[in-house]
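Listed below are the residues making up each chain.
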Amino acid sequence: MPRILLSGFDAFGGDDLNPSWMAVQALHGRRIGGHQVVAALLPTVFEASLAELGRLLRTHKPALVMCVGQAGGRAALSLERVAINVNDARIADNAAAQPVDTPVVSGGPAAYFSTLPIKAMLQALQKEGIAAEVSQTAGTFVCNHVFYGLMHMLATQRGFKRTRGGFVHVPFLPGQGQPHMALDDVVRGLRVAAGAAIRTQRDITQGAGAIS
């Protein structure tokens with residue numbers, strides 16, 4: 001059975017939980033659109049996160065990869081459009097590394113776009129009443145690092161020509177801060193988004209841009 005790889009992160013920045021891992025873990029082993037979900041935990045560490053992601057790609061050879069991270073301050077599931085080749089850490093990662101103005105991949109392109117059908121995913125989420133948006137920035141911390149690294153691996157390594165990938169940010173859970181989203185809604189949203197991605201080979205056109 002073809003596989004969907006969902007990754008989440010461990011807790012960071014003083015929190016004792018991370019909704020990205022809790023949500024993808026809840027989907028582990030489920031079937032979505034004829035694909036089996038494999039959930040995996042990535043460390044919130046710049047170098048180690050990509051090493052683990054590369055191992056997961058080689059092991060599972062997924063048809064679709066959706067990396068998921070926490071974005072405190074956002075009120076909706078954020079479907080990320082673009083990853084940039086910059087590390088600029090405002091805080092240290094879980095290994096006390098804090099790279100500033102360094103590339104994710106030396107000599108790599110300035111940016112990669114998601115190859116997930118983010119507009120179709122947005123439409124599916126909105127039809128289900130789940131708060132969702134297209135985001136124009138994944139930040140410059142480990143989430144963007146993983147997003148860029150994922151897209152670079154899919155673009156340059158043999159065996160992944162047909163694998164599509166991208167990144168989704170999820171809000172805080174209740175009790176972490178405001179705004180927040182219930183875990184059940186995050187899980188349902190990721191399931192709906194992954195299902196739309198599997199069903200949609202060519203993305204739709206739908207306005208979801210930003211003025212600023």
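Refer to the structure above for everything that follows.
Residues numbered from 1 in each chain as written. Predicted model: local features only at pLDDT ≥ 70, side-chain atom pairs only at ≥ 80, totals over all residues. Heavy atoms only, no water.

Caption draft 1: Inspection of the pattern of salt bridges at higher detail. Scanning the entire structure with this criterion turns up four salt bridges. Between Glu-80 and Arg-74 there is a salt bridge; the shortest N-O distance is 2.7 Å. Given a relative accessible area of 0%, Glu-80 falls into the buried group. Of the charged contacts, one joins Arg-188 and Glu-128 as a salt bridge, the two residues approaching to 3.8 Å between their closest N and O atoms. (Salt bridge = Lys/Arg side-chain N within 4 Å of Asp/Glu carboxyl O. Buried < 20%, exposed > 50% of the residue type's maximum accessible area, 1.4 Å probe, protein only.)

Caption draft 2: Fine view of the side chain of Asn-18. Tracing the chain through its elements places Asn-18 in the loop between strand E1 (3-9) and helix H1 (19-27). Among the polar contacts listed, one links the side chain of Asn-18 to the backbone oxygen of Phe-9, at a separation of 3.4 Å. Ignoring anything within four residues of it in the chain, the contact list for Asn-18 reads Phe-9, Asp-10, Ala-11, Phe-12 and Gln-70. (Helix = DSSP H or I, 4+ residues; strand = E, 2+ residues; numbered from the N terminus. Polar contact = N/O pair within 3.5 Å; in protein donor to acceptor, adjacent residues only side chain to side chain. Contact = heavy atoms within 4.5 Å.)

Caption draft 3: Examining the packing of aromatic side chains more closely. This model, assessed by the stated rule, comprises four aromatic pairs. Through successive ring pairs, a cluster of aromatic residues spans Phe-12, Phe-46 and Phe-141. (Phe/Tyr/Trp six-rings, centres within 6.5 Å; stacked < 30°, edge-to-face > 60°.)

Caption draft 4: Up close: the sheet that holds strand E5 (residues 77-80). Taken together, the seven strands give an open sheet; going across it, the order is E2-E3-E1-E4-E11-E5-E10, and neighbouring strands pair in mixed fashion. Two strands lie at the open edges of the sheet, namely strand E2 (31-32) and strand E10 (132-135), each paired on one side alone. The strands touched by H1 are E1, strand E3 (35-42), strand E4 (64-70) and strand E11 (164-170); relative to E1, the strand with the most contacts, the crossing angle is about 150 degrees. Sheet strands in contact with helix H5 (residues 183-199) are E1, E2, E3, E4, E5 and E11, and its direction is about 150 degrees off that of E4. (Pairing = 2+ DSSP bridges. Axes fitted to C-alpha atoms, helices over the stretch in contact; angles between N-to-C directions.)

Caption draft 5: Representation of the nonpolar core. Membership of the largest hydrophobic core comes to 35 residues, with the highest contact counts inside it found for Ile-4, Met-66, Met-121, Leu-125 and Leu-190. Of the residues forming this core, the biggest block, nine residues, is contributed by H5. If we ignore the near neighbours within four places in the chain, the residues touching Leu-125 are Leu-77, Leu-79, Ile-130, Ala-132, Gly-189, Val-192 and Ala-193. (Core = buried A, V, L, I, M, F, W, Y, C linked by side-chain atoms within 4.5 Å.)

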